[in-house]
Amino acid sequence: MEAKQAAAARAVAEIKNGMTIALGTGSTAYWAIQEIGDRVAQGLDIKAVASSLRSENLARERKIPIADLSGIDRFDIDIDGADEVDQDGNLIKGGGGALLREKILAANSRKFLVIVDGSKLVDQLGKVPLPVEIVPFGSALTLKNLERMEAHPSVRQLNGKDYISENGNLIADCRFQTIADPAALNRRLHEIPGIVETGLFLHTMVHSVFVGYADGAVRIIGTSTEK
Ligand code: A5P
């Protein structure tokens, strides 16, 4: 069992009959969806909403019942990966480009369970670029504002073209090097018109981080209480 799969399996063990589940995106969330699919095949009765078309398609393949988001008040559990986790449980997410939908789902979940392998743990966030979703209108101005705050943004590319998110937006990957105060940076970024959302997920929205290791062991780091 690989480390990501171990973390995913342990988090999925938290799911119980009757729950409404949010599904993350990425190579670790992939394992969670596979595990949930196995449990649904064994009779687990849940409904789910995915944070991306990729994850929704995988969930449908695995016969996980997909719910209409408009009918959901709150998710019982959201399971998703992360690109970096600092010592306080703050995250950088969005390497897969699904940060906006991921954050909407996480913010509306009683328990946001983060699944990572040990390589994602850092002392301070910022070694990986921070994805920031920006609207195409006026994006040159928004990028200039980001440059002024020394974000060193670059517009994400895919196959030689601007990457477009599932919400029709651009992603500016920002290189801050170190992020000493994630909450303050998140606030500053949100003050720039044109920025829709940032890949900074603060520890206050995280319930637990499940860290998987290659030998199948999983360390659980609790960060906040149930919402
Ligand atoms: C998707 O947009 C991301 O937030 C992912 O959850 C994150 O990039 C982690 O991905 P992996 O599990 O593939 O490392």
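Everything numeric here is computed off the predicted structure, so don't read it as measured data.

1. Thoughts on the overall build of the chain
1) Next: In terms of helices and strands, the chain carries six helices and 15 strands.
2) Next: Taken against the 2.2 N^0.38 rule, which gives 17 Å for 227 residues, the C-alpha radius of gyration of the chain at 17 Å falls within 12% of a compact globule.
3) Next: Across its three principal directions, the C-alpha atoms of the chain cover 55 × 35 × 35 Å.
4) Next: With 227 residues in all, the chain has 52% of them scored as buried.
5) Next: When contacts within the chain are restricted to residue pairs at least 6 apart in sequence, those whose partners lie at least 24 apart make up 73%.
6) Next: For the chain, the computed accessible surface area is about 10,400 Å², with 50% contributed by carbon and sulfur atoms.
7) Next: Taking the average location of the 26 positive side-chain charges in the chain and that of its 30 negative ones, the two points are 2 Å from each other.

2. Things to note about the environment of arginine 60
1) Next: By the secondary structure assignment, arginine 60 is in helix 3 (residues 53–61).
2) Next: With 27 residues separating them along the chain, arginine 60 and isoleucine 33 place their C-alpha atoms 9.9 Å apart.

3. Comments concerning the sheet that holds strand 4 (residues 84–85)
1) Next: Read across the sheet, three strands follow the order 4-5-13 without closing on themselves; strand pairing throughout is antiparallel. In this open sheet, the two strands that pair with only one neighbour each are strand 4 and strand 13 (200–201).
2) Next: The sheet contact formed by strand 4 and strand 5 (residues 91–92) spans two bridges and is antiparallel. Residue pairing across strands places glutamate 84 opposite isoleucine 92, the latter belonging to strand 5.

4. Things to note about the site of the ligand
1) Next: The ligand sits among 17 residues. The nearest are Ser27, Thr28, Asp83, Glu102 and Lys120.
2) Next: Measuring from an oxygen atom of the ligand, one finds a backbone N or O atom of alanine 98 at 3.0 Å.
3) Next: Glutamate 102 is positioned such that a nitrogen or oxygen atom in its side chain is 2.7 Å from an oxygen atom of the ligand.
4) Next: Summarising the interface, the protein chains cover 91% of the accessible area of the ligand, which totals 380 Å² for the free molecule.

5. Quick notes on the sheet that holds strand 8 (residues 154–155)
1) Next: The four strands are arranged 8-11-7-12 in an open sheet whose pairing can be described as antiparallel. Both edges of this open sheet fall to strand 8 and strand 12 (195–198), since each of them pairs with a single strand only.
2) Next: Sheet topology note: the strand 7 (residues 130–134)/strand 12 ladder contains three bridges and is antiparallel. Looking at strand 12, one finds that valine 132 is bridged to threonine 198.
3) Next: Strands strand 7, strand 11 (170–174) and strand 12 of the sheet are contacted by helix 4 (residues 99–107), whose axis makes an angle of about 65° with strand 12.
4) Next: Running at roughly 165° to strand 12, helix 6 (residues 182–190) makes contact with strand 7 and strand 12 of the sheet.

6. Describing the pattern of salt bridges
1) Next: Under the defined criterion, the tally for this structure stands at nine salt bridges.
2) Next: Note that glutamate 14 is salt-bridged to arginine 10, the shortest N-O span being 2.8 Å.
3) Next: Classification of arginine 10 as partly exposed rests on a relative accessible area of 31%.
4) Next: A salt bridge links arginine 62 to aspartate 38; the nearest nitrogen and oxygen atoms lie 3.0 Å apart. With arginine 62 in the loop between helix 3 and strand 3 (75–80) and aspartate 38 in helix 2 (residues 27–41), the pair connects residues that are 24 residues apart, well separated along the chain.

7. So, the packing of helix 1 (residues 3–12) against helix 2
Each packed pair of helices is defined by two parameters, the angle between the axes and the distance between the axes.
1) Next: The N-to-C vectors of helix 1 and helix 2 enclose an angle of 45°; their axes lie 8 Å apart at closest approach. Classified by the angle their axes make, helix 1 and helix 2 are oblique. In this structure, the crossing between helix 1 and helix 2 has a hand that is right-handed. Across the interface between the two elements, Lys4, Gln5, Ala8, Ala9 and Val12 of helix 1 pack against Ser27, Thr28, Trp31, Ala32, Glu35, Ile36 and Arg39 of helix 2.

Conventions adopted
Residues numbered from 1 in each chain as written. Predicted model: local features only at pLDDT ≥ 70, side-chain atom pairs only at ≥ 80, totals over all residues. Heavy atoms only, no water. Helix = DSSP H or I, 4+ residues; strand = E, 2+ residues; numbered from the N terminus. Rg over C-alpha atoms; globule rule 2.2 N^0.38 Å. Buried < 20%, exposed > 50% of the residue type's maximum accessible area, 1.4 Å probe, protein only. Contact = heavy atoms within 4.5 Å. Areas by Shrake-Rupley, 256 points an atom, 1.4 Å probe, with all protein chains shown as cover. Lys, Arg positive; Asp, Glu negative; His and termini not counted. Charge placed at Lys NZ, Arg CZ, Asp CG, Glu CD. Pairing = 2+ DSSP bridges. Near = heavy atom within 4 Å. Polar contact = N/O pair within 3.5 Å; in protein donor to acceptor, adjacent residues only side chain to side chain. Axes fitted to C-alpha atoms, helices over the stretch in contact; angles between N-to-C directions. Salt bridge = Lys/Arg side-chain N within 4 Å of Asp/Glu carboxyl O. Parallel < 35°, antiparallel > 145°, perpendicular 65-115°, else oblique. Left-handed = near helix turned anticlockwise from the far one by under 90°.

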